[in-house]
Amino acid sequence: MWSTLCTHCCIYLHPNSQMRIAFFGLLTLAYPLLVFFGLSHFEPRWLAILLVIVAIARAYATRDLAWLAAAIGAAILALAGVITNNALPLKLYPVLVSLVFLCVFAFSLRFPPTVIERIARLQEPNFPESGVTYTRRVTQVWCGFFILNACISIVTAVSASNAIWVLYNGFVSYLLMGALFVGEWLVRRRVRARIAHSQT
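An account of the accompanying structure is given in this report.

Next up on the list: the overall build of the chain. Scanning the chain from N- to C-terminus turns up nine helices and zero strands. The order of α-helices and β-strands along the chain, N terminus first, is α-α-α-α-α-α-α-α-α. Within the span of the chain, comprising 200 residues, buried residues form 43% of the whole. Taking the intrachain contacts of the chain between residues at least 6 apart in sequence as the baseline, contacts between residues at least 24 apart amount to 70%.

This is how it looks when you write it as structure tokens:
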């Protein structure tokens, strides 16, 4: 789901790099599993290299300031992992990803059009003005999700076992995101039907 969301969020900025964005989105998606299994064979300081590669690759694929900031944050986490040889900095990367998405979505609320509106206009060029308010509310819902996801990710990184951390960050969080996608799709259908009914 991260890869899907990343693709949709960045496609309007870099329409010719969809494949790269999707690939590195999948790499980010697999990051918790890579760290979980990597910790069984390598010291955390070596896995810090993986973190830097993922972050820099994502920044290069999107060529966006938000992901450049994320790459800088990831480099700081990786440096902390190398110095302390501790897995905690590596486990905080999903938190960083959630915060990046939160900043992007929140920024679009302050300076519209919102991310969701831009995505909707890609799929529907003749986007009705009545949809602007709706897409703004959906963007706000996503902001709430990213805040909640970041908080839970922090708790699992700091207080939970590696197994619980990877279960949430590598599986449960994606299920929640999928549920949000599906729920929004169902609500959108009802909103469209209501608008169509009111125009008849």
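We now examine the packing of helix α6 (residues 93-110) against helix α8 (residues 130-159). Running from amino to carboxyl end, α6 crosses α8 at an angle of 160°, the nearest separation of the two axes being 9 Å. Classified by the angle between their axes, α6 and α8 sit roughly antiparallel to one another. The hand of the α6/α8 crossing is left-handed. Contact residues: α6 offers Pro 94, Val 95, Ser 98, Leu 99, Phe 101, Leu 102, Phe 105, Ala 106, Ser 108 and Leu 109, while α8 offers Arg 136, Thr 139, Gln 140, Trp 142, Cys 143, Phe 146, Ile 147, Asn 149, Ala 150, Ser 153 and Ile 154. In terms of residue class, the contact of α6 with α8 is built from 14 nonpolar, six polar and one charged.

This next bit is on the packing of aromatic side chains. Scanning all chains against the criterion turns up ten aromatic pairs. Ring centres of Phe 105 and Trp 142 lie 6.5 Å apart, and the angle between their planes is 50°; this geometry places the pair in the tilted category. Of this pair, Phe 105 sits in helix α6 while Trp 142 sits in helix α8; the two residues are 37 residues apart in sequence, bridging distant segments of the chain. One exposure class covers both Phe 105 and Trp 142, and it is buried. Centre to centre, the rings of Phe 107 and Phe 111 are 4.8 Å apart; their planes meet at 40°, and the pair counts as tilted. On the basis of relative accessible area, Phe 107 is assigned to the exposed category, the value being 54%.

Glancing now at the side chain of Glu 117. One can find Glu 117 in helix α7 (residues 115-123). Given a relative accessible area of 7%, Glu 117 falls into the buried group. Non-local contacts of Glu 117, meaning those with residues more than four positions away in its chain, are made with Phe 127, Val 132 and Thr 135.

Right, let's talk about the nonpolar core for a bit. By size, the foremost hydrophobic cluster in this structure holds 38 residues, and its most contacted members are Tyr 31, Leu 51, Trp 67, Tyr 93, Phe 105, Trp 142 and Phe 146. Counting only elements with at least two residues in this core, the list comes to α2 (18-38), α3 (44-62), α4 (65-84), α6, α7, α8 and α9 (162-199). A total of eight residues in this core trace back to one element, the largest contributor, which is α6.

One can find Gly 170 in helix α9. Sequence separation between Gly 170 and Ala 30 is 140 residues; the distance between their C-alpha atoms is 7.1 Å. Non-local contacts of Gly 170, meaning those with residues more than four positions away in its chain, are made with Pro 32 and Trp 165.

Considering all chains together, one arrives at three salt bridges under this definition. A salt bridge links Arg 45 to Glu 43, with the shortest nitrogen-to-oxygen separation between them at 3.1 Å. Residue classification places Arg 45 among the partly exposed residues on the basis of a relative accessible area of 30%. For Glu 43, a relative accessible area of 39% puts it in the partly exposed group. A salt bridge links Glu 184 to Arg 188, with the nearest nitrogen and oxygen atoms 2.7 Å apart. Taken together, the residues Glu 184 and Arg 188, both in helix α9 and four residues apart, mark about one turn of the helix. Taking the relative accessible area as the measure of exposure, Arg 188 reaches 25% and is therefore partly exposed.

Rules behind the numbers
- Residues numbered from 1 in each chain as written.
- Predicted model: local features only at pLDDT ≥ 70, side-chain atom pairs only at ≥ 80, totals over all residues.
- Heavy atoms only, no water.
- Helix = DSSP H or I, 4+ residues; strand = E, 2+ residues; numbered from the N terminus.
- Buried < 20%, exposed > 50% of the residue type's maximum accessible area, 1.4 Å probe, protein only.
- Contact = heavy atoms within 4.5 Å.
- Axes fitted to C-alpha atoms, helices over the stretch in contact; angles between N-to-C directions.
- Parallel < 35°, antiparallel > 145°, perpendicular 65-115°, else oblique.
- Left-handed = near helix turned anticlockwise from the far one by under 90°.
- Nonpolar A, V, L, I, M, F, W, Y, C, P; charged D, E, K, R; others polar.
- Phe/Tyr/Trp six-rings, centres within 6.5 Å; stacked < 30°, edge-to-face > 60°.
- Core = buried A, V, L, I, M, F, W, Y, C linked by side-chain atoms within 4.5 Å.
- Salt bridge = Lys/Arg side-chain N within 4 Å of Asp/Glu carboxyl O.

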